[in-house]
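# Coordinate inspection notes
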Amino acid sequence: MKKEINLILKSDYVSQYEDGYPLLLKEVLVDFEKVTQEGTIVNLLTSKKKFVAKAYHGLQNKGFGWILSRDQSESIDTTYFTTKIKTALSHRESFYADDSTTAFRVFNGEGDGVGGITIDYFDGYYMITWYSIGIYEYREDILNALKSCVEYKGIYQKKRFDSKGMYLDETDDFITGERASEPLIVKENGANFAIYLDDGAMVGIFLDQKDVRKTIRDKYAKEKTVLNTFSYTGAFSVFAALGKAKKTTSVDLAKRSLAKTTEQFEVNKIDVDTQEIIVEDVFNYFKYAVRKKLLFDMVILDPPSFARSKKHTFSASKDYVKLLKEAIQITCKGGIIVASTNSANFSMMTFRDFIKRAFKELKGNHKVQESFTLPKDFRVNPKFKEGDYLKVVFIRKL
Ligand code: SAH
């Protein structure tokens with residue numbers, strides 16, 4: 001049994017939690033200092049001692065914990081997590097049934113009722129990501145629940161405990177079952193992906209962009225020259241090439257991106273020699289492209305929310321307009337810019353304003369073709385809009 005404690009909500013915040021807001025914040029509690037141990041169950045009460053909700057204490061970004069239940073008598077045990085996982089699985093039936101996609105999210109934190117944990121599926125293997133020590137305290141219950149709900153080849157984990165969600169480096173992320181091959185080849189809408197379940201913080205693919213990749217391949221890439229910036233393992237480039245792009249150019253600062261991108265082309269039987277992979281700071285590349293008067297039919301922008309390189313610091317909320325202006329200058333007339341951000345700090349409306357501002361400052365015109373937020377497997381809690389962090393806009397330069 002986990003420790004349990006009663007804490008009092010400041011009266012201004014009672015209705016917010018009665019209404020179902022899932023994130024527990026320190027500021028809403030009268031006496032937060034009474035709870036010190038992560039994993040402790042916190043019963044939130046009004047000043048008149050009326051029960052509002054049950055949470056666990058876990059430190060994550062600005063959060064102090066996540067609401068688990070609004071039923072005072074519910075215990076947080078294997079049965080509790082089994083119910084949550086079963087419900088989550090029922091929302092992914094169409095993904096399990098589709099042989100052309102074997103990598104997707106099966107449990108998306110607060111979107112599936114328990115914040116601080118995600119579970120991804122990779123062709124028979126499961127990857128649990130723990131976002132706080134608090135939720136990791138429940139690992140036995142959660143593992144038992146998962147094992148009872150699914151057939152699995154193996155289960156892996158990533159620990160992202162520190163306040164910025166940084167990966168806790170361990171020699172081994174494997175938990176149980178059999179080990180996956182390295183690489184493990186998974187499918188997404190018919191394309192192949194080489195992933196590594198036990199090789200550092202990331203596996204090699206960001207599952208939240210699946211609809212965007214498919215759209216690039218099926219609707220935009222044909223006969224086009226495509227510049228993919230912040231390309232990582234080149235996922236967008238691969239989909240563009242599979243959509244018969246004339247040529248793709250992938251630019252990323254990380255040295256490993258060259259080998260990783262080459263591998264993704266190879267597992268899709270695309271001749272790497274026909275594509276360009278450049279290891280460089282994109283801001284230098286933009287300068288080079290302008291000097292050489294390069295123009296692309298399509299430019300993809302998918303920067304991290306925040307990044308520091310030797311010469312530049314990039315923050316999506318401060319610098320996205322500048323980034324767009326760089327891209328606009330090397331996109332041909334009638335061409336497409338795919339602007340993406342995973343920054344939870346601003347809304348889609350603000351992002352659309354950034355786009356308007358960039359074109360206005362360059363005295364250019366544009367048309368928004370379509371936009372995307374998180375795909376269906378990344379379930380979002382309607383009471384927690386911040387959870388729908390992804391914003392992708394397809395913009396035509398007129
Ligand atoms: N678009 C990718 C994911 C991008 S992740 C995909 O769809 O899979 C962010 C990437 O940006 C990382 O690979 C990181 O190495 C790269 N990066 C960060 N700052 C950069 C910079 N200034 N220039 C080039 N790449 C950068």
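Our subject in this report is the structure included herewith. All of these numbers come straight from a predicted model, not from anything done at the bench.

Okay, the overall build of the chain next. Helix and strand counts for the chain come out as 11 helices and 21 strands. Computed over the C-alpha atoms, the radius of gyration of the chain is 22 Å, within 12% of the 21 Å expected from 2.2 N^0.38 for a compact globule of 398 residues. Projected onto the principal axes, the alpha-carbon positions of the chain cover approximately 70 × 50 × 40 Å. Per-residue burial over the chain gives 56% buried out of 398 residues. The contacts in the chain between residues at least 6 apart in sequence include a share of 62% that link residues at least 24 apart. About 18500 Å² of surface is accessible on the chain, with carbon and sulfur atoms providing 49% of the total. Put simply, the chain has 62 plus and 54 minus side-chain charges, and the middle of one group is 7 Å from the middle of the other.

Strand order in the open sheet formed by five strands is S1-S3-S4-S5-S2, and the pairing between neighbours is mixed. Two strands close off the open sheet at either side, each with one partner strand: strand S1 (4–8) and strand S2 (23–24). Sheet topology places strand S4 (residues 51–60) next to strand S5 (residues 63–69); five bridges connect them, and they run antiparallel. Opposite His57, over in S5, you have Gly65 as the bridge partner.

This part covers the pattern of salt bridges. It is possible for side chains bearing opposite charge to pair when their charged atoms get close. This model, assessed by the stated rule, comprises 18 salt bridges. When the shortest N-O distance is used, the salt bridge between Arg379 and Asp112 registers 2.7 Å. Taken as a pair, Arg379 in the loop between strand S20 (366–372) and strand S21 (391–397) and Asp112 in the loop between strand S6 (103–108) and strand S7 (117–122) lie far apart in primary sequence, 267 residues in all. Across the pair Lys247 and Glu276 runs a salt bridge, and its minimum N-O distance is 2.7 Å. Of this pair, Lys247 sits in strand S14 (residues 247–252) while Glu276 sits in strand S15 (residues 276–279), and the two are 29 residues apart along the sequence. Looking at Glu276, the relative accessible area reads 31%, which means it is partly exposed.

According to the stated counting rule, one finds 29 aromatic pairs in the structure shown. Look at Tyr121 and Tyr126: their rings are 5.2 Å apart centre to centre, the planes differ by 65 degrees, and that puts the pair in the edge-to-face class. The two residues Tyr121 and Tyr126 agree in class, both being buried. Cluster of aromatic residues (ring-pair linked, three or more members): Phe230, Phe283, Phe286, Phe314, Tyr320, Phe346, Phe351 and Phe354. Directly above the aromatic system of Phe283 lies the positively charged group of Lys322, at a separation of 5.6 Å from the ring centroid. Over the ring of Phe346 we find Lys391, and its NZ or CZ is 5.3 Å from the ring centre.

This part takes up the sheet that holds strand S8 (residues 125–130). As summarised here, the arrangement of the five strands in space is S6-S7-S8-S9-S10, forming an open sheet in which the pairing is mixed. Each end of this open sheet is capped by a strand with a single partner; those strands are S6 and strand S10 (174–177). Sheet twist, expressed as the average angle between the axes of neighbouring strands with direction ignored, equals 20 degrees. Bridge analysis of strand S9 (residues 154–159) against S10 gives three bridges, and the strand direction is antiparallel.

Counted at 1.5 Å a residue, the expected span for helix H10 (residues 316–329) with its 14 residues is 20 Å, and the 19 Å between its end C-alpha atoms agrees. Along H10, the residues classified as buried are Ala316, Asp319, Tyr320, Val321, Leu323, Leu324, Ala327 and Ile328.

Attention now moves to the pairing of strand S13 (residues 225–229). Within S13, four of the five residues are buried, which leaves the element mostly enclosed by the surrounding structure. Pairing of S13 with S14 involves five bridges; the strand directions are parallel. Directly across from Asn228, in S14, lies its bridge partner Ser250. With four bridges joining them, S13 and strand S16 (residues 296–301) adopt parallel strand pairing. Across the sheet, the residue bridging to Val226 is Met298, located in S16.

Here we take up the site of the ligand. Around the ligand, the surrounding shell holds 16 residues, and the nearest of these are Phe230, Asp252, Leu253, Val282 and Asp302. With respect to the ligand, the side chain of Asp252 contributes an N or O atom lying 2.7 Å from an oxygen atom. Between a nitrogen atom of the ligand and a main-chain N or O atom of Leu253, the distance comes to 3.1 Å. Alone, the ligand offers 580 Å² of accessible surface; in the complex the protein occludes 89% of this. For the shell around the ligand, the residue count by class is 10 nonpolar, one polar and five charged.

So, on to a positive patch on the surface. Taken together, the side chains of Lys255, Lys287, Lys310, Lys311 and Lys322 define a basic patch exposed on the protein surface. Take Lys255: it is sitting in the loop between S14 and helix H8 (256–267).

Conventions adopted
- Residues numbered from 1 in each chain as written.
- Predicted model: local features only at pLDDT ≥ 70, side-chain atom pairs only at ≥ 80, totals over all residues.
- Heavy atoms only, no water.
- Helix = DSSP H or I, 4+ residues; strand = E, 2+ residues; numbered from the N terminus.
- Rg over C-alpha atoms; globule rule 2.2 N^0.38 Å.
- Buried < 20%, exposed > 50% of the residue type's maximum accessible area, 1.4 Å probe, protein only.
- Contact = heavy atoms within 4.5 Å.
- Areas by Shrake-Rupley, 256 points an atom, 1.4 Å probe, with all protein chains shown as cover.
- Lys, Arg positive; Asp, Glu negative; His and termini not counted.
- Charge placed at Lys NZ, Arg CZ, Asp CG, Glu CD.
- Pairing = 2+ DSSP bridges.
- Salt bridge = Lys/Arg side-chain N within 4 Å of Asp/Glu carboxyl O.
- Phe/Tyr/Trp six-rings, centres within 6.5 Å; stacked < 30°, edge-to-face > 60°.
- Lys NZ or Arg CZ within 6 Å of the ring centre and 35° of its normal.
- Axes fitted to C-alpha atoms, helices over the stretch in contact; angles between N-to-C directions.
- Expected span 1.5 Å × (residues − 1).
- Near = heavy atom within 4 Å.
- Polar contact = N/O pair within 3.5 Å; in protein donor to acceptor, adjacent residues only side chain to side chain.
- Nonpolar A, V, L, I, M, F, W, Y, C, P; charged D, E, K, R; others polar.
- Patch = residues over 30% accessible without salt bridge, like charges linked within 9 Å, V, L, I, M, F, W, Y side chains within 5 Å.

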